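Take a look at the letters that make up each chain.
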Amino acid sequence: MADENNPCRYELAAHSIRELIEKSPLLTNSQAFASGDSIANRLTPIKRVFSVIAGIQKISEDINLESIAAPVRGLLGELEKFFQWQELNRPARAKMIARHLSELSGAGPAPPVDLFEEEVFGWRAADDYFKKVAHNGVENLDCDEFLRRMSFIENSLLRRLRPRSVEQLGELDALIREAENA
Amino acid sequence: MLSDTIVDRALVLVAEGGGNYEYFFSQLKTPDWIAPLNERGRFSHPPDAISEGGYIRFPGWPEGEYLLRMAAQAPNDVFGVLTAECFASSNNVVHEILVGIAAKLPAKLSADVALQEAQWVSRQGVLYGLYPEKAAGLISHLAGNNEAEAAVALLGEILDVHRPPERDEPEIQIEGRRVRWGVDPIGKAAFWDIQQVVNIVAEPLAETAPELFLSVISKTLDKAITIHDNGRGNVEDFSTIWRPHIAYGDNLDRLGVSTENLQVATRLVAERRNDGFDIARRVFRRYEWPIFRRFEAYAFLVSASVPSEIAEEVLIDPSRYVDATANPEFNELLGKWFGRVGNQTRRLVFELIDAGPDLDRYSQYLEKQEAQGNRAESETWLREEWQLRWLTAIAENLDDSRKEKLARLAAKYGPPSPPSEIRGGAVGHYTDVTDDNLRKLAVGDLVQFLKNWTPPPVTDPYSPSRAGLAEVLGRWLADTPSYFSDILESFQDRGLHPTYLRTILDGFTTALKTEKQFNIFSVVRTIIWVLQNTEAGPREEFRWEEDPGWSWTYMSSARFLTELFLHPERLKVERRDEIWPALQLIADVKSPTSEDEREYRTKMDFGMLALNSTRPVGLEAVMRYCRWLKLAGVEVSAATLPAAFELLGQHLDPAVDDSVAVREMYGMQFKLLAWLDREWFESQLPALFPGKPYKVLDKFAWNSFLRFSGPIATMLPAMRFRYERAINGLDATAATVSDAERSLGNHLTRFVAAGSIGLDDPLLVQFFSKASHALRAQAVGDVGWHLGRQAEEIEPVVRDRLMAFWASRLSACLLEGSAAKEEAGAFGWWLQSKKFPDPWVVEQATEVVDKFRDLHPDFAVIQRFAALSDAYPFEAVHCLGVVFEEDREGWAIHGWGDSVTAILESALHAGAKSRDEAVRVINLLVARGNRGYRRLLDE
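Every value quoted in this text rests on a predicted model; they were computed, and no experiment measured them. (Residues numbered from 1 in each chain as written. Chains lettered and ligands numbered in written order. Predicted model: local features only at pLDDT ≥ 70, side-chain atom pairs only at ≥ 80, totals over all residues.)

**Focus on the overall build of chain B**
Scanning chain B for helices and strands turns up 50 helices and six strands. A compact globule built from 939 residues would reach a C-alpha radius of gyration of about 30 Å, whereas chain B, at 38 Å, exceeds it by more than 25%. Its C-alpha atoms put chain B at 105 × 100 × 50 Å along the principal axes. A total of 939 residues make up chain B; the buried ones form 42% of that total. (Helix = DSSP H or I, 4+ residues; strand = E, 2+ residues; numbered from the N terminus. Rg over C-alpha atoms; globule rule 2.2 N^0.38 Å. Buried ≥ 20, exposed ≤ 12 C-beta atoms within 10 Å, placed from the backbone.)

**Focus: the overall build of chain A**
In terms of regular secondary structure, chain A is built from six helices and zero strands. Put simply, chain A runs from its N terminus to its C terminus through helices and strands in the order α-α-α-α-α-α. Computed over C-alpha atoms, the radius of gyration of chain A comes to 22 Å, more than 25% over the 16 Å expected from 2.2 N^0.38 for 182 residues, which places it beyond the range of a compact globule. In terms of principal-axis extent, the alpha carbons of chain A reach across some 75 × 45 × 40 Å. For chain A, the share of sequence-separated contacts (at least 6 apart) that also reach a separation of at least 24 residues comes to 62%. (Contact = placed C-beta atoms within 7 Å.)

**So, the nonpolar core**
One recurring pattern in soluble globular proteins: nonpolar side chains tend to sit buried together. The biggest cluster of nonpolar side chains holds 257 residues, and the ones touching the most others in it are A151, L154 and L880 of chain B. Residues contacting A151 of chain B, with those up to four places away along its chain left out, are A114, I139, L142, A143 and L205 of chain B. (Core = buried A, V, L, I, M, F, W, Y, C linked by C-beta atoms within 7 Å.)

**Quick word on the interface of chain A and chain B**
How big an interface is tends to be expressed through the accessible area that disappears when the partners come together. Facing 29 residues of chain A, the contacting portion of chain B comprises 42 residues. It is helix α6 (residues 165-180) of chain A that provides the largest number of residues to the side of chain A that touches chain B, a total of 11 residues.

**Some words on the environment of A779 of chain B**
Residues and elements named next belong to chain B. Following the sequence through the fold, A779 ends up in helix α41 (residues 773-789). Sequence spacing of A779 and R742 is 37 residues, and the spatial spacing of their C-alpha atoms is 6.6 Å. With sequence-adjacent residues up to four places away left out, A779 is seen in contact with G745, N746 and T749.

**Let's talk about unusual backbone geometry**
All names here are of chain B. Following S591, the chain continues into P592 via a peptide bond in cis, with omega recorded as 10°. Along the chain, the position of P592 falls in the loop between α30 (576-586) and α31 (594-597). Of note, the bond from K692 into P693 is cis; its omega dihedral lies within 30 degrees of zero at 0°. Tracing the chain through its elements places P693 in the loop between α36 (678-688) and α37 (695-708). One non-glycine residue, R853, lies in the positive phi region at around 50°. Turning to its location among the elements, R853 is positioned in the loop between α45 (838-852) and α46 (858-868).

**Structural notes on the environment of I279 of chain B**
All names here are of chain B. Among the secondary structure elements, I279 is positioned in helix α15 (residues 276-284). Taking the C-alpha atoms as reference, I279 lies 8.1 Å from V269; in sequence the two are 10 residues apart. Those residues in contact with I279 that sit more than four places away from it in its chain are P210, E211, L214 and V269.

**Points about the confidence of the model for chain B**
A low pLDDT score tells you not to read the predicted coordinates there in detail. Residue and element names in this part refer to chain B. In this model, chain B carries a mean pLDDT of 91, and residues with pLDDT of at least 70 account for 95%. Scored below 50 in pLDDT, residues 419-428 makes 17 contacts in the model with residues more than four places away or belonging to other chains. Both confidence scores are given for the complex: pTM 0.72, ipTM 0.71. (pLDDT = per-residue confidence, 0-100.)

**Let's talk about helix α7 (residues 92-102) of chain B**
All names here are of chain B. Within α7, 10 of the 11 residues are buried, leaving the element largely enclosed by the surrounding structure. Residues of α7 that are buried include every one of V93, V94, H95, E96, I97, L98, V99, G100, I101 and A102, and no others. In this structure, the buried side of α7 is in contact with α4 (62-70), α5 (75-80), α6 (84-88), α8 (107-122) and α9 (131-143).

**Section: the packing of α7 of chain B against α9 of chain B**
Residues and elements named next belong to chain B. The contact between α7 and α9 brings their axes to 8 Å, and the two run at 20°. Regarding the angle of α7 to α9, the classification is roughly parallel. Crossing hand, α7 versus α9: left-handed. Residues N92, H95, E96, V99, G100 and A102 of α7 form the contact with α9, whose own contacting residues are Y131, K134, A135 and L138. Residue composition of the contact of α7 with α9, grouped by class: five nonpolar, three polar and two charged. (Axes fitted to C-alpha atoms, helices over the stretch in contact; angles between N-to-C directions. Parallel < 35°, antiparallel > 145°, perpendicular 65-115°, else oblique. Left-handed = near helix turned anticlockwise from the far one by under 90°. Nonpolar A, V, L, I, M, F, W, Y, C, P; charged D, E, K, R; others polar.)

**Examining α37 of chain B**
The end-to-end C-alpha separation of α37 of chain B is 20 Å, in line with the 20 Å expected for 14 residues at 1.5 Å each. Where α37 of chain B is buried, its residues contact α34 (660-668), α35 (670-676), α36, α38 (716-728) and α39 (739-754) of chain B. (Expected span 1.5 Å × (residues − 1).)

**Digging into the confidence of the model for chain A**
Averaged over every residue, the pLDDT of chain A is 85; residues scoring 70 or more account for 91%. Highest mean pLDDT in chain A belongs to α6 of chain A (95); lowest belongs to helix α3 (residues 69-104) of chain A (82).

**Re the packing of helix α47 (residues 873-886) of chain B against helix α48 (residues 899-908) of chain B**
All names here are of chain B. Two elements in contact, α47 and α48, have axes whose closest approach is 9 Å; the angle formed by their N-to-C orientations is 135°. Classed by the angle they form, the pair α47 and α48 counts as oblique. For the pair α47 and α48, the sense of crossing is left-handed. Between α47 and α48, the residues in contact are P873, F874, A876, V877 and L880 and V900, I903, L904, S906 and A907, respectively. Of the residues that constitute the contact of α47 with α48, the class distribution is nine nonpolar, one polar and no charged.

**Quick notes on the environment of G729 of chain B**
Within the fold, G729 of chain B resides in the loop between α38 and α39. Take G729 of chain B: there are 13 C-beta atoms within 10 Å of it, and that puts it in the partly exposed class.

Here it is as structure tokens:
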């Protein structure tokens, strides 16, 4: 990323982070996240049908729907399939990420999932973001956003693989003392 | 002061990891946290049970543990946050906590929890862990606080039994009726746990709710008996067999445990309460199985305060006298009460006994006897046996005429065994002939007596039998084997049942192992007589009470002969020709036939048939005969002892002998045969390990060889073809390792250690290219395992060969990558063996850990590194960290003991690199709930 002469540096960096995300379950002897079944892939057939429609008529407010009735029906069918898939898989993906993040902490007790829901959403959003950057590039990429999301992934991994528990237990002691001694 | 900021910050830290989560909730000391934590939903997420790979895991519930600690201080607050999600949890630990909390709440709130828990228990097949014991605490709490109904509702669900799943078994019919076996009911908790529960709750429930208590336990026993009956439609529960007396019995099955529970409850209720017998009678009358009549009598027996009018009513009830053995507790009760009741009652009881039993109950039996002309005798026998039992029960209170009658019946039938000992327990062989009876007889009379003695018809396992009589004979022989060897010729009589001679031969085999002298040649002559003058049936079915024919005597002959050659002090080389005919004959016995082996050929329990069949054991005797002679200084070879070697060679010809058990015996005695005459044996190897169409013979010989004989370097050139065949048959994808495959790997690595084969030998190369990952790991690990068991140091040359072998395997693993993890990780066995230089072994172990993140077995690796940690602090703590991280189950550390602390302390006191690694590992340990290691950093 420091190589400013490389015009693809963000895409390449995003690719690397994607690899890290995808392969991180291997650290816990789990299977890598299945690749390929992404939103982008699921949108492909929709895009294909939409291209047919767009090729017939320019999309505008006074579009003649009768002339494109057949491909529109196809589009609606594809949209229905997409939303069904999304309904089934998006929550499952969140569950999968939550489980994966728990497993990265290794054996032993795990905090309840609802306590780190935000982290799960953040992980998923970062994953989608890096996929987008890696595959499609992002015009006028916000460097700060890139770094923020990268740090998020890095910190999530470090918290689990390099925990600072001794120090944190000390802080918990202090909080409890303050609350209970009042 | 407890503020939102503090709670929110604490929860952020809790979310950082499981160690923090557990720690936080374990440290809270006031109930002030309940409300703010509840507002944040913290008590609505009890963890569910986790099912993985056939196992079920119950994660802890730290929030619940906190509530448990606060329950006594703030019961309403705690009760208020127990949500429906908690009671619906699939996690056993959550429910243990819930019943624990309930036991600390006021009774009304406890009852509410207990009823919800009863619903949950009713849906469970198994109650794991400490749940039954903790629930018992709640039940006692409820019983002691006027909430008996809730207590009994929960107890009933815990004690409940159900039918096991139907098994797919072939249907058996006898006389056109399907045989239905008894079914053992299944319960929700282990026997011990169930009894523990009843012991805890019995006193409070017997005190406050005796009828409910007896009812719930009676209901369980009734259900258990119904399940056990398995729809056979019996009115009889056969309880006198499985529970000879209510007061004592075994608890080896669910029926026994349910009965034991009711016994405990009945005794408490009947002993502690004046109306206990009445409560018991009321409850037990609801059930039809005969054992409840016995429980009723038992309640009377243990009750201290039964009014005399009730006692008299019970004793003159004719229904209780129908069967003299069905209700041992009533027999006992009759004996106990008879002396105390009035004359009128006594007279009525005598009338009942004098009238005799209702013979209509025995109509089927009597019809059969009538057909044989025995009806009158049988009726007398039934009546008198029945009267004998009742009169015995009241023997102390009989008038003169009945005393006389009792004495007459007892003389005629023998005193009846106490009702509680009527049946049951293990059985042996029985006889009414004593040792003294036999020893008084002269030889001729003894043989004549044995020939003439006929056992009575077998009515039960206690009937006198020839096997029982033979045991008396065997005991005599054990005392004086020389006497028996002198008179043995008298037993060479085909009219004598084989059971006796078989027992005598077995007795001599046992006597061989003692100091007692006897004439072994006399025994050998008798064996020759048996083998020449008797015949064994093709398949003689087992009989309990006597030998089914002569086949058992043949087997005993073979066992005597093979044992004989292990006692050279009893033998004389110059008289060997007297023994040889017995060996020729025993090696020619037909057993085992192809039919005998049909099923065995399809199995894999190698060795069992060879050791238990006559001909293989006879051939073993031939081999041991040659061994005896060679050890005695006789020149032994195929040339000098042609008869023996020709005989052994003949049995390797499938046309002569196609027994797999015989092949097993040759495989077992491989080393001995090679030692007797290597050249001759090498020439026999193609016959011992034949190819098609005798692959089954090859398989049994090979597996037996692998299992019972170690590798023989001098035989390797001649055996190479067979090793190659075994290697070519390996399955590279196999997930498990058979014993034979493991032995094959061990043979090859031992050849490497001995220098018999080099690292480039095709056998070794082929083995590691064809073997599965699991087998390769086993072969490599076994090297270290064997060395670890060896007390003495290994020779430097052997050590160098093995180090070179490991180097070649590590290179191969590194080329293969993570797929070779299991094989590389098996180096842990080498580390623990302590047979290699420390610097080398630590370097190799560290490389394996870094490249493959595996080193096993973990407990031995950690223990060894603890011993090495002063000299290698970084390597030790680094390996500890990786092995700990890779333990995905989290159990391994519990087997590491003090080794972890030793490694960490060494590293903390060493250089910066070791210290940093120790800090990393301590944080890891603490994050995963091993909080004790935190003190190492505090210090």
